Amino acid sequence: MALTIMEVYKILPKSNCKECGFPTCMAFAMQVTAMTKNLEDCPKISSEAQEKFSEASAAPMKLVKVGTGNNVFEFGQETVMFRHEKKFYNPCGIAVRIPASLSDEEMLKKIDKINKSEFFRVGKKLKVSLTAVEVDNCSQPDARARLASERSSVPLVLIGTNPSKMNLAVDAIKAKKPLIYKATPENIDSFIDIAAQAQVPLAICGNSLEETADLVDKARNKKIDQIALAFDSKNPAETIKNLTITRRAALTKNFRSFGYPAIVNIEEQDEEIQSALASAFAVKYAGIVIVDTTSPEALLPVLTAIGNIYTDPQVPNAVESKLYEIGSPNENSPVMFTTNFSLTYFSVAGEVERSKIPAYICVVDTEGLGVLNSYAGDKISVDKVVKTMKEQKVAEKVKHRKLIIPGLLAIFKGEIEDISEWKVIVGTENARGIPALLHQLKDKGTYDA
Amino acid sequence: MKIPDVNEKWINKISEVTIGATRAQGGTRARTVTVGGGSTFPFLSFEGENPNKPVIAGYVTDDVSDLPDVVKNAIGNEINLPHEWAKKCVEEYGVDLISLKLLGAGPAKKDSSPAECAKIVESVLKAVDVPLIIWGCGDDEKDNLILPECSQAARGENCLIGSAKESNYKTLVAICKADKHKLIAEAPVDINLGKQMSILLSDAEFDLRDVIMFQSTAALGYGLDYVYTILERARISGLKGDKMMAVPQICDIASETWRVKEAAADEEALPGFGDVEKRGPLWEAVCAQVYIQSAADILILAHPLAIKTVKETIKRFFV
């Protein structure tokens, strides 16, 4: 959050001593806001003023870390309400709950499932980020936390509101920096002590937003700055509303008490409802959602939705420019080219897959632009296509010389045939037509050896 | 502690569009469906209202050759007859309206005639008493032939007909005006083309208060982010006063979802991705839930479990 000149000036000694090399403190303040000088360049600045300054110029939403070393989950430090304004930075994490009712053995089984919840999709890894262990109804919360922490390959959230249980659990694994969920108006003082002593992040929840702000300030006064705002799923509309209000207050009003990411605890029986609610909260604006399910079919859609929404809208989504083999193509399989805009590529690849006819897709580097845009922006040309095909040694892969080109680039046909050995088949304008086209070509015996 | 005032000063409302006509209104529907009318994003009741909740349209088509078994098996034999499928959607799945897509008219499909298409429309209207959305097959030339007859067959029913693109909007404007239907304006994930469609329609003297915007739709994992952001931006423009964008939005989630492998392929093809009987419908339901958050008003869904899940969450969101 940038400070105004007057705000910086107020922090300065206002003595115009000139030791900084500028005639007045006001002139120095202008340099600081223009970022050509640092506040520390003022020889008379007090450490108290420096601290005030660093707080005022800090990011409007804190980055919060759970875990230690290489095993850390980070959330927060978001800067916008809508992703098109810039982008969303730290993808919402999914935490899976370990109910207190599970025996130790059942718990370990569930943690094994959490550890294995890793999926690879369109070249990206998606995984569950946290294991969330309930401690309130455990007879030995310390042993439970230790056991979970040893087994889990992801950092821990400790769920509970009972101070003595939480104290035992946190103390047992404080070196692993678990997130405490959650401080309430009833337990706030002891939970602040636990978090402060163990130096672990703390999720906080009041009965109203006003109360939440009060409780957060209490924690901040005790020098706790790793905080998450806690919400539940009892009234989902209310939760979306509160997630929006707190984020807006932090980002647009620089309201420090809400300058922290959010965690939403979803308590629902059906895993379908868990999935649907988790995806809703994840896109508007939770940093962590807690669910119960470990089924891949319920987790994968949510993880995919999060992956989608946290992509950078200003960076064209591109795939590597190379020759892709769909199915197991052979020397008689069809060959086509397309752009490296990932949406185009994945649509084309998906349709080829759907046709069940193996084929080669030569992906031309169009700097992440789709077919029409790359043509309009001179990012694709006949020369580039022919050159790319040579680089990718397409001619060595197949015996025939028939090239399917995007229907929208039908205009390339003559020139490709003029300057290369390839005979052109004009493909469909829309990827959807690809299966029909491939089957038609197959029926006609186009690729028969 | 006092919370700062974070209200956005939106200055415009999204238009309110009613689909369907009861007997008293010249149709034969038992109820109508109204969408839009919001003065802020969903659930932000502190700064505005959203008088109408999002609605679910049951996906029905006369050509199921492209649908995977996950959907076919879940629906059963009724899937082969549009009117029986529609009936099941209403009576068993509890959808708010029916979205009938006449894919069979496609030249590469059954190439069914305008008269055959009109018959299907009639049979669906007869079988169910909820409002109807009618889409052509997507081939402009063919749609120009079948949609006028379908529109006429549904005359007075105040259907929603789609979709008007730059290439074919004149025909659609003419039939919707003549037979008193609402119109879907289509743009390919492009906010400027969306606005241009609205301008073309108003220039053709079609009342924008009778229009639903279709910014095409992307499946989860296949460009969802683009459509999500376009829906948000369109809604922001509408709320900020751009009358051309202040219209409700429709998402055809079924058509897109059931083309992608994550929804349709079993675990043998996608090891570790879980049971497709649940993964498929959740691929559809999660996609719908995300679009609801970006201000979609009509969601077209096919799988009964997806419909059930989205219905249930809408219920929880709109207590």
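Residues numbered from 1 in each chain as written. Chains lettered and ligands numbered in written order. Predicted model: local features only at pLDDT ≥ 70, side-chain atom pairs only at ≥ 80, totals over all residues. Heavy atoms only, no water.

A. Region of the structure containing the packing of aromatic side chains. Residue and element names in this part refer to chain A. By the definition in use, this model includes 17 aromatic pairs over all chains. Consider the rings of Phe 22 and Phe 28, whose centres lie 6.3 Å apart with planes at 50°: the pair is tilted. Accessibility classification places Phe 22 together with Phe 28 in one group, the buried group. The interplanar angle of 40° and the centroid separation of 4.4 Å between the aromatic rings of Tyr 324 and Tyr 345 together place this pair among those described as tilted. One end of the pair, Tyr 324, is in strand S13 (residues 323-326); the other, Tyr 345, is in helix H12 (residues 342-355), with 21 residues separating them in the sequence. Judged by its relative accessible area of 6%, Tyr 345 is buried. (Phe/Tyr/Trp six-rings, centres within 6.5 Å; stacked < 30°, edge-to-face > 60°. Buried < 20%, exposed > 50% of the residue type's maximum accessible area, 1.4 Å probe, protein only. Helix = DSSP H or I, 4+ residues; strand = E, 2+ residues; numbered from the N terminus.)

B. Spotlight on helix H10 (residues 271-283) of chain A. When the terminal C-alpha atoms of H10(A) are compared, their 18 Å separation across 13 residues agrees well with the 18 Å that a helix rising 1.5 Å per residue should span. Of all 13 residues that make up H10(A), 13 are buried, and the element is covered over most of its length. (Expected span 1.5 Å × (residues − 1).)

C. View of the sheet that holds strand S17 (residues 423-426) of chain A. All names here are of chain A. A sheet is described by the order of its strands in space; here five strands give the open sequence S13-S15-S14-S16-S17, paired in mixed fashion. Of all strands in the sheet, those bounded by a partner on one side alone are S13 and S17. Strand-to-strand twist across the sheet, computed as the mean angle between neighbouring axes with direction ignored, equals 30°. The pairing of strand S14 (residues 335-339) with strand S16 (residues 402-405) spans two bridges and is classified as parallel. Across the sheet, residue Met 336 finds its bridge partner in S16, namely Ile 404. Strands S13, S14 and strand S15 (359-364) of the sheet are contacted by H12, whose axis makes an angle of about 155° with S14. (Pairing = 2+ DSSP bridges. Axes fitted to C-alpha atoms, helices over the stretch in contact; angles between N-to-C directions. Contact = heavy atoms within 4.5 Å.)

D. Representation of the sheet that holds strand S7 (residues 156-159) of chain A in the model. Residues and elements named next belong to chain A. Around the barrel, eight strands lie side by side as S3-S6-S7-S8-S9-S10-S11-S12; this closed barrel has parallel pairing. The sheet shows a mean angle of 30° between the axes of neighbouring strands, taken without regard to direction. The pairing of strand S3 (residues 93-98) with strand S6 (residues 130-134) spans four bridges and is parallel. Looking at the pairing, Ala 95 lines up with Leu 130 of S6. Packing against the sheet, H10 makes contact with strand S11 (262-265) and strand S12 (288-291), and its axis sits at approximately 170° to S12.

E. Molecular detail of the side chain of A:Arg97. All names here are of chain A. Structurally, Arg 97 can be placed in strand S3. Of the polar contacts made by the side chain of Arg 97, one reaches the backbone oxygen of Ile 266; its length is 2.7 Å. Discounting chain neighbours no more than four positions away, the residues touching Arg 97 are Lys 110, Ala 132, Glu 134, Ile 159, Asn 265, Ile 266, Glu 267, Ile 290, Val 291 and Asp 292. (Polar contact = N/O pair within 3.5 Å; in protein donor to acceptor, adjacent residues only side chain to side chain.)

F. Looking closely at the domain arrangement of chain A. We note that the domain assignment places domain 1 (5-57), domain 2 (63-309) and domain 3 (323-443) within chain A. One C-alpha centre belongs to domain 2 of chain A, the other to domain 3 of chain A; they are set 46 Å apart. (Domains from an automatic or database assignment.)

G. View of the interface of chain B and chain A. Contacts between the two partners involve 50 residues from chain B and, on the opposite side, 53 residues from chain A. Across the interface of chain B and chain A, roughly 4800 Å² is buried in total on both sides, 66% from carbon and sulfur atoms. Looking at the side of chain B facing chain A, the largest losses of area belong to B:Met1, B:Ile3 and B:Arg259, adding up to 15% of the total buried there. Our count for the contact surface shared by chain B and chain A stands at 10 salt bridges. The interface formed by chain B and chain A includes 16 residue pairs in polar contact (both at pLDDT 80 or more). Contributions of two or more residues to the side of chain B that touches chain A are made by helix H7 (224-239), helix H9 (261-264), helix H10 (276-293) and helix H11 (304-317) of chain B. (Buried area = accessible area lost by both parts, 1.4 Å probe. Salt bridge = Lys/Arg side-chain N within 4 Å of Asp/Glu carboxyl O.)

H. Local environment of a nonpolar patch on the surface. Residues and elements named next belong to chain A. Taken together, Ile 5, Met 6, Met 26 and Met 30 make up a surface patch of nonpolar side chains, about 330 Å² in accessible area. Elements represented by at least two residues in the nonpolar patch include exactly helix H1 (5-11) and helix H2 (25-33). Mapped onto the secondary structure, Ile 5 falls in helix H1. Ile 5 gets classed as partly exposed once you look at its relative accessible area, which sits at 34%. (Patch = residues over 30% accessible without salt bridge, like charges linked within 9 Å, V, L, I, M, F, W, Y side chains within 5 Å. Areas by Shrake-Rupley, 256 points an atom, 1.4 Å probe, with all protein chains shown as cover.)

I. Inspection of unusual backbone geometry at higher detail. Residue and element names in this part refer to chain A. Lys 182 follows Tyr 181 through a cis peptide bond whose omega is 10°. Relative to the assigned elements, Lys 182 resides in strand S8 (residues 179-183). Across the junction of Lys 284 and Tyr 285, the peptide omega takes the value 0°, indicating a cis bond. Following the sequence through the fold, Tyr 285 ends up in the loop between H10 and S12. We note that Gln 77 has phi near 55°; this positive angle belongs to a residue other than glycine.

J. Structural view of the pattern of salt bridges. Inspection of every chain in the model, using the stated rule, returns 44 salt bridges over all chains. In this structure, A:Glu268 engages B:Arg316 in a salt bridge whose closest nitrogen and oxygen atoms are separated by 2.3 Å. Taken as a pair, A:Glu268 in the loop between S11 and H10 and B:Arg316 in helix H11 lie in two separate chains rather than in one. Given the relative accessible area of 24%, B:Arg316 is considered partly exposed.

K. Summary view of the nonpolar core. One finds B:Ile98, B:Ile134, B:Leu201, B:Ile250, B:Tyr291, B:Ile298 and B:Leu299 to be the most contacted residues of the largest nonpolar core, which totals 191 residues. The element best represented in this core is H10(B), accounting for 10 residues. Excluding residues that lie within four positions of it along the chain, B:Ile98 makes contacts with B:Gly58, B:Val60, B:Ala86, B:Cys89, B:Val90, B:Val124, B:Val128, B:Val130, B:Pro131, B:Leu132 and B:Ile133. Counting residues in hydrophobic clusters, the runner-up holds 21 residues, among them A:Ile380, A:Val398, A:Leu403 and A:Ile416. (Core = buried A, V, L, I, M, F, W, Y, C linked by side-chain atoms within 4.5 Å.)

L. Representation of a negative patch on the surface within the structure. A cluster of acidic side chains, namely B:Asp266, B:Glu267, B:Glu268, B:Asp275 and B:Glu277, defines a negative patch on the protein surface. Here B:Glu268 lies in the loop between H9 and H10. (Lys, Arg positive; Asp, Glu negative; His and termini not counted. Charge placed at Lys NZ, Arg CZ, Asp CG, Glu CD.)

M. Local environment of the pairing of S14(A). Residue and element names in this part refer to chain A. Across the five residues of S14, five count as buried, placing the element largely inside the fold. When S14 meets S15, the two strands line up parallel, connected through five bridges. If you follow Thr 338 over to S15, its bridge partner there is Val 363. Handedness of the β-α-β unit built from S14, H12 and S15 comes out right-handed. (Right-handed = clockwise from strand over helix to strand, strands pointing away.)

N. Quick peek at the confidence of the model for chain B. Chain-level pLDDT for chain B is 96 on average; 100% of the residues reach the 70-or-more range. Both scores are available for the predicted complex, with the pTM at 0.88 and the ipTM at 0.97. (pLDDT = per-residue confidence, 0-100.)

O. Region of the structure containing the side chain of A:Ser374. Relative to the elements of secondary structure, A:Ser374 occurs in helix H13 (residues 371-376). Beyond its immediate chain neighbours, meaning those up to four positions away, A:Ser374 contacts A:Thr339, A:Thr366, A:Leu369, A:Lys379 and A:Ile380.

P. Summary view of the packing of H10(B) against H11(B). Residue and element names in this part refer to chain B. Packing of H10 against H11 brings their axes to within 8 Å, and their N-to-C directions diverge by 35°. Where H10 crosses over H11, the two elements pack in a sense that is right-handed. Residue-level inspection shows Glu 277, Lys 278, Pro 281, Glu 284, Ala 285, Ala 288, Gln 289, Ile 292 and Gln 293 of H10 in contact with H11, the latter providing Leu 305, Ala 306, Thr 309, Val 310, Thr 313, Ile 314 and Phe 317. Of the residues that constitute the contact of H10 with H11, the class distribution is nine nonpolar, four polar and three charged. (Left-handed = near helix turned anticlockwise from the far one by under 90°. Nonpolar A, V, L, I, M, F, W, Y, C, P; charged D, E, K, R; others polar.)

Q. Layout of the environment of A:Glu272. Tracing the backbone shows A:Glu272 in helix H10. The class of A:Glu272 is buried, set by a relative accessible area of 10%. The spacing of A:Glu272 and A:Leu156 is 116 residues in sequence and 24 Å in space, taken between C-alpha atoms. Here A:Glu272 is in contact with B:Lys278, B:Leu282, B:Leu305 and B:Thr309, once residues within four sequence places are set aside.

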